[in-house]
Amino acid sequence: MNEIPFLKPLRSKAVRQLGTSGNGNHFVEFGEIELLADNTLGLAAKKYTALLTHSGSRGLGSVIARHYTQIAMNTCKLPRHAQQLAWLDMNSEAGQEYWLTMTLAGDYAKACHERIHANLLKALSLKALHVVENHHNFAWQDQLTDGSNVIIHRKGATPAHKSELGIVPGSMTTPAYLVSGKGTSDALYSASHGAGRAMSRQKAKDSMTVSAMKKMLSNAGVTLIGGTVEENPLAYKDIETVIAAQHDLVDIQGKFYPRIVRMNKE
């Protein structure tokens, strides 16, 4: 961060926020995962205590995206209605710098996850049997089946190469799935990153009361710490339907059930 001028002022904030989740749909969930027989983790088919977290780059990524989007718009002239589609040549200085900073943001998000897990494991005097981590809303250099080298940006999606592990969360009261990719080339070696929203945050806020959400949580046996009605379970699509639609993309390895959910209260 010290070598790229516009990132220098962000360093102290990034240090302070390391190991935090953020607001919106970011969460930390304690629960149990039921692993299926012959799972690729090599663990016995039974229930285990599990920790599932979803956090981002804590604003670092969005600052980077805005900065280089502006550079792209200034150098790649497009009609006004298409300006947001401006691009940077990967062989240009700006393109290479953007790739480095985007990777930095991804590494920072990963470090936030690792710090959260390490802190909780230490506090509870526990050790992890297995750790699964994956990105979404990120870009990767990849190769298609015809041998061509490409960059794949997975917005709302997660990598699902052959045998690659991933997580597909539902909502604060519904299961998340541990999956293994099938490497489907027609889907660009990708699968859904989660259930996805069924309604906007404003609509979710307008259609749900705090008392109604508390009742839903109680009926599901889930304790919520923080959180808002904008992230209520009905704001998300049915996870079972989403998983069923991905039969050709992933194999299910286990099913996680949330029990304690920690979210930011705005």
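Fair warning: this is a prediction, and the values are worked out from it, not measured in the lab.

## Side note on the overall build of the protein chain
Here is step 1: When its secondary structure is counted, the protein chain shows 6 helices and 10 strands.
Here is step 2: A globule of 266 residues ought to have a C-alpha radius of gyration of about 18 Å, and the protein chain, at 20 Å, matches this closely.
Here is step 3: Seen through its principal axes, the protein chain has C-alpha atoms that stretch 55 × 45 × 40 Å.
Here is step 4: In the protein chain, which comprises 266 residues, the proportion classed as buried is 39%.

## A word on the pattern of salt bridges
Here is step 1: Inspection of every chain in the model, using the stated rule, returns 8 salt bridges.
Here is step 2: One salt bridge in this structure joins Arg 259 and Glu 32, with 3.4 Å as the shortest N-O distance. Linking Arg 259 in strand β10 (residues 250-263) with Glu 32 in strand β1 (residues 27-35), this pair joins segments that are 227 residues apart in sequence.
Here is step 3: You can call Arg 259 partly exposed: its relative accessible area is 33%.
Here is step 4: On the accessibility criterion, Glu 32 (24% relative accessible area) is partly exposed.
Here is step 5: Where Glu 231 meets Arg 197, a salt bridge forms, and the shortest distance between an N and an O atom there is 3.1 Å.

## Some thoughts on the packing of aromatic side chains
Here is step 1: Throughout the structure, instances matching the rule amount to 3 aromatic pairs.
Here is step 2: Relative to Tyr 68, the ring of Phe 6 has its centre 5.6 Å away and its plane inclined at 75°; by these criteria the two rings are edge-to-face. A residue pair is termed long-range when its members are at least 10 positions apart, and Phe 6 in the segment before α1 (11-17) and Tyr 68 in helix α2 (residues 60-75) qualify at 62 residues.
Here is step 3: Measuring from centroid to centroid gives 5.4 Å for Tyr 68 and Tyr 98, while their planes differ by 55°, and the two rings are tilted. Taken together, the positions of Tyr 68 in helix α2 and Tyr 98 in helix α3 (residues 93-124) put the pair 30 residues apart, joining distant regions of the chain.
Here is step 4: When its relative accessible area of 2% is taken as the criterion, Tyr 68 is described as buried.
Here is step 5: The ring of Trp 140 is capped by Arg 154, whose NZ or CZ atom sits 4.9 Å from the centre of that ring.

## A short note on the side chain of His 113
Here is step 1: Residue position: His 113 is located in helix α3.
Here is step 2: Here His 113 falls in the buried class, since its relative accessible area comes to 14%.
Here is step 3: Not counting residues up to four positions away in its chain, the partners in contact with His 113 are Thr 53, His 54 and Ser 55.

## Topic: the pairing of β1
Here is step 1: Direction of pairing for β1 relative to strand β2 (residues 47-54): antiparallel, over a ladder of 8 bridges. Bridge pairing in β2 places Glu 32 opposite Thr 49.
Here is step 2: Judged from the 9 bridges that link them, β1 and β10 form a sheet pairing that is antiparallel. From the neighbouring strand, Ile 33 faces β10, where its bridge partner is Phe 256.

## Some details on α2
Here is step 1: Here α2 spans 23 Å end to end across 16 residues, near enough to the 22 Å set by a 1.5 Å rise per residue.
Here is step 2: Along α2, the residues classified as buried are Leu 60, Ile 64, Tyr 68, Ala 72 and Met 73.

## Re the side chain of Glu 29
Here is step 1: Assignment of secondary structure puts Glu 29 in strand β1.
Here is step 2: Despite its burial, Glu 29 pairs with no opposite charge; the closest candidate is Arg 259, at 9.4 Å N-O.

Criteria and cut-off values
- Residues numbered from 1 in each chain as written.
- Predicted model: local features only at pLDDT ≥ 70, side-chain atom pairs only at ≥ 80, totals over all residues.
- Heavy atoms only, no water.
- Helix = DSSP H or I, 4+ residues; strand = E, 2+ residues; numbered from the N terminus.
- Rg over C-alpha atoms; globule rule 2.2 N^0.38 Å.
- Buried < 20%, exposed > 50% of the residue type's maximum accessible area, 1.4 Å probe, protein only.
- Salt bridge = Lys/Arg side-chain N within 4 Å of Asp/Glu carboxyl O.
- Phe/Tyr/Trp six-rings, centres within 6.5 Å; stacked < 30°, edge-to-face > 60°.
- Lys NZ or Arg CZ within 6 Å of the ring centre and 35° of its normal.
- Contact = heavy atoms within 4.5 Å.
- Pairing = 2+ DSSP bridges.
- Expected span 1.5 Å × (residues − 1).
- Lys, Arg positive; Asp, Glu negative; His and termini not counted.

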